[in-house]
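# Remarks on the overall topology
Spelled out from the first residue to the last, the chains are:
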Amino acid sequence: MRLYEFTDDGGLQLLAVGPEWMEKLRRLPAIARGDGAERFRAPDPLDPENRSPEASALREDWVDLVVPDLHEVFDNQHCAVIEVLDKAQPSEFGQWMLLQQKLLQGDAATEKNEEGGEGECELVDLTIPPELVESWYGALNQGRLALHARYAESESDLDSADDASKSDAWKHARDHYLFYSRLQAPLMQLMQMGFEGKDFENDDQEDDEEFDDYPPF
Amino acid sequence: MMSIHAVDPLDDPGTAVMEDTRISTAAPWTVVIHDDPVNTIEYVILTIQRLFGYARAKAEHHTMEVHHMGRSIVWNGAKEKAELYVHQLHAAQLKASLERAGE
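Definitions and limits used
- Residues numbered from 1 in each chain as written.
- Chains lettered and ligands numbered in written order.
- Predicted model: local features only at pLDDT ≥ 70, side-chain atom pairs only at ≥ 80, totals over all residues.
- Heavy atoms only, no water.
- Helix = DSSP H or I, 4+ residues; strand = E, 2+ residues; numbered from the N terminus.
- Buried < 20%, exposed > 50% of the residue type's maximum accessible area, 1.4 Å probe, protein only.
- Contact = heavy atoms within 4.5 Å.
- Areas by Shrake-Rupley, 256 points an atom, 1.4 Å probe, with all protein chains shown as cover.
- Salt bridge = Lys/Arg side-chain N within 4 Å of Asp/Glu carboxyl O.
- Phe/Tyr/Trp six-rings, centres within 6.5 Å; stacked < 30°, edge-to-face > 60°.
- Lys NZ or Arg CZ within 6 Å of the ring centre and 35° of its normal.
- Axes fitted to C-alpha atoms, helices over the stretch in contact; angles between N-to-C directions.
- Parallel < 35°, antiparallel > 145°, perpendicular 65-115°, else oblique.
- Left-handed = near helix turned anticlockwise from the far one by under 90°.
- Nonpolar A, V, L, I, M, F, W, Y, C, P; charged D, E, K, R; others polar.
- Expected span 1.5 Å × (residues − 1).

What follows concerns the overall build of chain B. Looking only at helices and strands, chain B has 3 helices and 5 strands in total. For chain B, the α and β elements follow one another from N to C terminus as β-β-β-α-α-β-α-β. A buried classification covers 38% of the 103 residues belonging to chain B. Partitioning the intrachain contacts of chain B with sequence separation of at least 6 by distance along the chain shows that 54% fall at a separation of at least 24. For chain B, the accessible surface area stands at approximately 5,900 Å², while carbon and sulfur atoms represent 57% of it.

See below:
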């Protein structure tokens, strides 16, 4: 199933994005500014053990001069995400997928919908233009950094499938962390192709199961 | 000792070039990238290539050093430029710091 496409000019189109994905993306700025964000929003430019007078002066300069610039960079990345979400278009591909699903499920799906269990969800396409690819990568990275700082108890904790002893909050964080991580992969490909001056060709995603955990509906 | 003198370049004897032979006595600073559990290896390689202009092989070497040793000195030189590099690395959300060479 193809769920994203590179555009000819080096952008990314996400196809048939469902409400669950949209919610995770809309929450991104709040997550990225929440607990755990201080690690990258107010980074120490020196070894934390360095307590010399010279280090103290440099840290003060960093807070006064560099940190405001970092905040501006990071906040602009959030704006890039919101800008794309605000331009979401109804997905023709998504409608086709819904139709196929109905045909496959037949009466069972119809009855389920009539019982009020699940209504039809709106699927949209999102187009990330080339000039916003890097900002999107950065915004998703902020989300992952903040979630990891807040929830991970070990280095690979949020990558773990073993969640038997974990809280609902941790599972919620893990879902967001993995979603952001997987969305970063095609963005990273575009950034590499742009840096190396390669054509923005779509690779074969037939065997790409990265998104299978996150069906659009 | 500091001196400034003129030299004639071999390829163009008609042009005098000022060669500055002053030696800076200020201790150089190093830019260090530290390991973190979130940023991917590919992203770190790309960031090093873009910021420092290193070839892919050199950027990979530094990235793998970060990955295995926890840190890698990626640049050394004047303090102002080292500060700029750390600023740029922080903007790229990498964990980076300045150190005096030899610390």
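This part takes up the pattern of salt bridges. Within this structure, the stated rule accounts for 13 salt bridges over all chains. Between Asp 75 of chain A and Arg 33 of chain A there is a salt bridge, with its nearest N and O atoms 3.4 Å apart. Here Asp 75 of chain A, found in helix α4 (residues 53–86), pairs with Arg 33 of chain A, found in helix α2 (residues 28–33); they are 42 residues apart in sequence, far enough to count as distant. With relative accessibility at 23%, the residue Asp 75 of chain A sits in the partly exposed group. The partner of Glu 42 of chain B in a salt bridge is Arg 56 of chain B, with the nearest N and O atoms 3.1 Å apart. Note that Glu 42 of chain B is positioned in helix α1 (residues 41–52) and Arg 56 of chain B in helix α2 (residues 56–69), a separation of 14 residues in sequence. Residue Glu 42 of chain B is classed as partly exposed on the basis of its relative accessible area of 28%. Classification of Arg 56 of chain B as partly exposed rests on a relative accessible area of 29%. Sharing partners across several salt bridges, the network here consists of Arg 33, Arg 41 and Asp 75 of chain A.

As a further point, take the packing of aromatic side chains. Counted under the stated rule, the structure contains 9 aromatic pairs over all chains. Relative to Phe 74 of chain A, the ring of Phe 40 of chain A has its centre 5.6 Å away and its plane inclined at 70°; by these criteria the two rings are edge-to-face. Of this pair, Phe 40 of chain A sits in helix α3 (residues 38–41) while Phe 74 of chain A sits in helix α4, and the two are 34 residues apart along the sequence. Owing to a relative accessible area of 1%, Phe 40 of chain A belongs among the buried residues under this scheme. Looking at Phe 74 of chain A, the relative accessible area reads 0%, which means it is buried. An aromatic cluster is defined as three or more aromatic residues linked by ring pairs; in this entry it consists of Phe 52, Tyr 54, Trp 75 and Tyr 85 of chain B. In this structure, Arg 144 of chain A packs its charged tip against the face of Tyr 177 of chain A, placed 4.9 Å from the ring centre. The lysine or arginine in question, Lys 58 of chain B, covers the ring of Tyr 54 of chain B, its NZ or CZ lying 4.0 Å from the ring centre.

Moving on to the packing of α1 of chain B against α2 of chain B. How two helices sit against one another is set out by the angle between their axes and by the gap between those axes. All names here are of chain B. Close contact between α1 and α2 brings their axes to 9 Å; oriented N to C, the two are set at 130°. On the basis of their axis angle, the class for α1 and α2 is oblique. Pair α1 / α2 crosses with right-handed handedness. Taken together, the residues of α2 that come into contact with α1 (itself represented by Ile 41, Glu 42, Val 44, Ile 45, Ile 48 and Gln 49) are Arg 56, Ala 59, Glu 60, His 62, Thr 63, Met 64 and His 67. Here the residues of the contact of α1 with α2 sort into 6 nonpolar, 4 polar and 3 charged.

In this model, α1 of chain B (12 residues) spans 16 Å end to end at C-alpha, consistent with the 16 Å of a helix rising 1.5 Å per residue. Taken as a whole, α1 of chain B has its buried residues at Tyr 43, Val 44, Ile 45, Leu 46, Thr 47, Ile 48, Gln 49 and Phe 52 of chain B. Looking at the packing, one finds that the buried side of α1 of chain B touches α7 (130–151) and α8 (168–196) of chain A together with β3 (29–34), α2, β4 (71–77) and α3 (79–91) of chain B. One or two steps after α1 of chain B, the chain reaches Gly 53 of chain B, where phi turns positive at roughly 70°.

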